[in-house]
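# Structural overview
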Amino acid sequence: MFSSTIIALLSAGFAIAAPIYPRDVTLDPAAVAEAQVRDNAATRAFSAAQIQTSSGQCLAVDPASGDFRENLIPIQVVACNGSDTQQWDIITSGVHNNEPGFALVVSTLTNGCLNFDPRRAAGNQVLLFSCGGRADGSGAVTNSQLFTFTGGAGPLPLVPQNGNNGTCLTVNENLLDQTSCDPVNASGNELFTISASGSQPETASDPSSTATETPSSIASSSFVAVSSGVEAAATSSTASAPASTGTTVLDPAAVAQAQVRDDTATRAFSAAEIQTSDGQCLSVDANSGDFRENLIPITAQACDGSSGQQWDVITSGVHNNVNGTALIVSTLTQGCLNFDPRRAAGNQVILFSCGGRADGSGNVTNSQLFTFTGASSSIPLVPTNQANTCLFDNNGNLDVTSCDITNPNSSELFSVSASGASVVSSSPATATPSISVIVSSASVAPSSVEVIASASSIASASTTASTSVSAPASTGTTVLDPASVAQAQVRDDTATRAFSAAEIQTSDGQCLSVDATSGDFRENLIPITTQTCDGSAGQQWDVITAGVHNNVPGTALFVSTLIQGCLNFDPRRAAGNQVILFSCGGRADGSGAVTTAQLFTFTGNSTTIPLLPANQADTCLFDNNGNLDDTSCDTTNPEADQVRLFHDFTNVLSLTNCHL
């Protein structure tokens, strides 16, 4: 029988610090340029037009009121002044709209799309977001940005396609919001007028100005609105290679977290060239993706022996536990070759953090596993997440096409250079981690974490409990973004607190501790460790029984008093890294409402309770060699040996363990 640790929470009083309010964000020019791209090939019913409310005010945006990419911008309702912040394009067809009878409402200033996301907290569901619904600008079409449009200037309701014809946008004080409605009988604040003075219908005559997506690439019926949750992408045989700008400003701390070399892996080849059938080499430019070295296009260029043309072929390791497959990993960046059929045609083959999660915390995803028998020449690159699909050199860009995998043509064959082969097999220090594959939800709006995976990966996944994983080291070196932290970690001053600034102790008297600089730039993804109690701010916790992020009786949030992040159990993450501190509400930017991943059983009737997450039955948290972890347990039969520590505290709460 294995007993999880008894934990004690000791109140240190009810004094609370003043909340930190969001400040103007520091924009990242490279990230903005990537995320907010004007569709010059689009058909516009109106350009640079004002959108007026029934009271004669104008919809307006402030680029500095969102995040560093100019996403998550609220839409304000203000007096009309003719400024560029009040100008809008109405797009009826283009890269991000292939639905007749619908339009995108696009800020002429930022090129972001009006977006309705019912998953966000009430009052914060209508915002400006990168067209296509993906934070980095790589999305194609999402029904969260399509609004019913018949061609007139109004007055007309703004009815989002994903609202199932029962939602209208409305004016709520000085912000654009949503309300339930009958669109046929919309009235008052539900009606808007597009100013005729701003009307400049246009169709771009220079489609070449869109580097990677053209109208023809999305007009195919193979693209569907994202209400189904996945975009099925047509194969393009004419898309040109996306230009490698080489100008992205990298975040060294984020790169170090996202791109980690698997030294335990078995490598069939190391630092090898991968050549196309005409002798070109697959190449990557570390500065052509995002700030984490994700989303990097793979190009085919003249072989020059540079580090950007070196690849490892991994047949077994942390991110590959499937026989007969291999990961194709850049030796330079440590990112994995990734095929994502949800992305826009011509941009579906990219380099991404191995394991399929942007922050490097992913485990195994079949979007990065390619069929591999051990041969080194004339082999097709066949992704395991879509049948009858091969990679090929599409005018200098590694792309995807339908194929007969048993009889691929020459353009679909690649060779791994023997000169680069140096087989490496390392014995893992620990057992192979459990499989944890994640599938992105319907991309009607940004998710709290970027995910690269396919639906089929869930079917083959299995989870194995771990009881011997060591605590991850707190590096304490993350470079925080103060504006992002202020947005993501907000104190709920309306909450009911059973305890404030209290210690949570294990049965042997250690305290649950957090280090604000051991997670990401938003103070998310922070591991919880157990350390000698010292009374520091990193060991103080609030227990919230009701509030913005908890509306479930009989549960509590465990919130770091220092950071304002919530204790979070995510069984999708790799074993040993499933218990973390994350923005309360479960969305990285702080916009979430309530998530069961952060709710723990709490009756308040006893000072002795187990830590039982609400999102998985028969699970307890416990001290796993200095790291707060999870294990299977009998929640009805907690251990009797409870510890109760009083010292100088006025309130005492002990958390017992569960039997396995």
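Scroll up a little and you will see the structure.
Notes on the structure in this doc start here. (Residues numbered from 1 in each chain as written. Predicted model: local features only at pLDDT ≥ 70, side-chain atom pairs only at ≥ 80, totals over all residues. Heavy atoms only, no water.)

### So, the overall build of the protein chain
Selection criterion: In DSSP terms, a helix is any run of H or I states spanning at least four residues, a strand is any run of E spanning at least two, and both are numbered starting from the N terminus. Relative accessibility decides the category of a residue: with a 1.4 Å probe and only protein chains considered, values under 20% of the type maximum give buried, values over 50% give exposed, and everything between is partly exposed. Residue contacts follow a heavy-atom distance rule, with two residues in contact if any of their heavy atoms lie within 4.5 Å. Each accessible area value is a Shrake-Rupley result obtained with a 1.4 Å probe; residue values ignore everything except the protein chains displayed when judging cover.
Looking only at helices and strands, one finds five helices and 44 strands in the protein chain. Split into buried and exposed, the 660 residues of the protein chain put 55% on the buried side. In the protein chain, 67% of the contacts between residues at least 6 apart in sequence involve partners at least 24 apart. As displayed, the protein chain has an accessible area near 24,400 Å², and 52% of this comes from carbon and sulfur atoms.

### Comments concerning the packing of aromatic side chains
Note the cut-off: Whether two aromatic rings pair depends on their centres lying within 6.5 Å, for rings of Phe, Tyr and Trp, where Trp uses its six-membered ring; planes under 30 degrees apart make the pair stacked, over 60 edge-to-face, and the rest tilted.
Taken as a whole and assessed by the stated rule, the structure comprises four aromatic pairs. Ring geometry for Phe68 against Phe521: centres 5.9 Å apart, planes inclined by 90 degrees, an arrangement best described as edge-to-face. With Phe68 in the loop between strand 4 (58-60) and strand 5 (73-74) and Phe521 in the loop between strand 32 (510-513) and strand 33 (526-527), this pair connects stretches of sequence that are 453 residues apart. For the pair Phe68 and Phe521, a shared accessibility class is recorded, and that class is buried.

### Side note on the pattern of salt bridges
Operational definition: We count a salt bridge whenever a side-chain nitrogen from Lys or Arg sits within 4 Å of a carboxyl oxygen from Asp or Glu.
Per the counting criterion, the structure on display carries 15 salt bridges. For Asp117, the salt bridge goes to Arg119, with nearest N and O atoms at 3.0 Å. As a salt-bridge pair, Asp359 and Arg573 come within 3.9 Å of each other at their nearest N and O atoms. On the criterion of sequence distance, the pair formed by Asp359 in the loop between strand 24 (349-352) and strand 25 (370-371) and Arg573 in the loop between strand 37 (565-569) and strand 38 (579-583) is long-range, its members being 214 residues apart. Overall, Asp359 belongs to the buried group, its relative accessible area being 7%. Here the residues in one salt-bridge network are Arg491, Asp493, Arg497 and Asp542, joined through shared partners.

### Some remarks on the nonpolar core
Spelled out, the test is: By nonpolar core we mean a set of buried residues, namely Ala, Val, Leu, Ile, Met, Phe, Trp, Tyr and Cys, connected to one another through side-chain atoms within 4.5 Å.
Counting 26 residues, the largest nonpolar core has Ile75, Ile90 and Leu114 as the members making the most contacts within it. Elements with a minimum of two residues in this core: strand 2 (43-49), strand 7 (88-93), strand 8 (102-107), strand 9 (113-116), strand 10 (126-129), strand 12 (167-172) and strand 14 (192-194). Grouped together as the second largest cluster of nonpolar side chains are 25 residues, Ile274, Val284, Val349 and Leu381 included.

### Points about the state of the cysteines
Here is the idea: a disulfide is a covalent bond, and it sits between the sulfur atoms of two cysteines. How we decide: Throughout, disulfides are identified as pairs of cysteine sulfur atoms within 2.5 Å of each other.
Under the counting rule described, the total for this entry stands at nine disulfides. Residue pairing for Cys390: its cysteine sulfur links by disulfide to Cys403, the two sulfurs lying 2.0 Å apart. The chirality of the disulfide connecting Cys390 with Cys403 is right-handed, given an S-S dihedral of about 70 degrees. In this pair, Cys390 is assigned in strand 27 (residues 389-394) and Cys403 in the loop between strand 28 (397-402) and strand 29 (413-416), connecting sequence segments 13 residues apart. On the accessibility criterion, Cys390 (0% relative accessible area) is buried. For Cys403, a relative accessible area of 10% corresponds to the buried category.

### Quick word on the environment of Cys131
Checked against the element boundaries, Cys131 lands in the loop between strand 10 and strand 11 (147-148). Spatially, the C-alpha atoms of Cys131 and His96 are 6.4 Å apart, while their sequence positions differ by 35 residues. Setting aside residues no more than four positions away along its own chain, Cys131 makes contact with His96, Val106, Asn111, Gly112, Cys113, Gly139 and Gln145.

### Focus: the environment of Cys584
Counting through the fold element by element, Cys584 comes out in the loop between strand 38 and strand 39 (600-601). Overall, Cys584 belongs to the buried group, its relative accessible area being 6%. Measuring from C-alpha to C-alpha, the distance between Cys584 and Phe558 comes to 9.6 Å, with 26 residues separating the pair along the chain. Discounting residues that sit within four places of it in the chain, Cys584 has contacts with His549, Val559, Gln564, Gly565, Cys566, Gly592 and Gln598.

### Overview of the pairing of strand 13 (residues 175-180)
Put simply, the rule is: At least two bridges found by DSSP between two strands is the condition for calling them paired.
Both strand 12 and strand 13 contribute to a ladder of six bridges, which runs antiparallel. Directly across from Thr170, in strand 13, lies its bridge partner Asp177. Following strand 12, the chain reverses through two residues before pairing antiparallel with strand 13; Glu173 in that reversal takes a positive phi of roughly 60 degrees.

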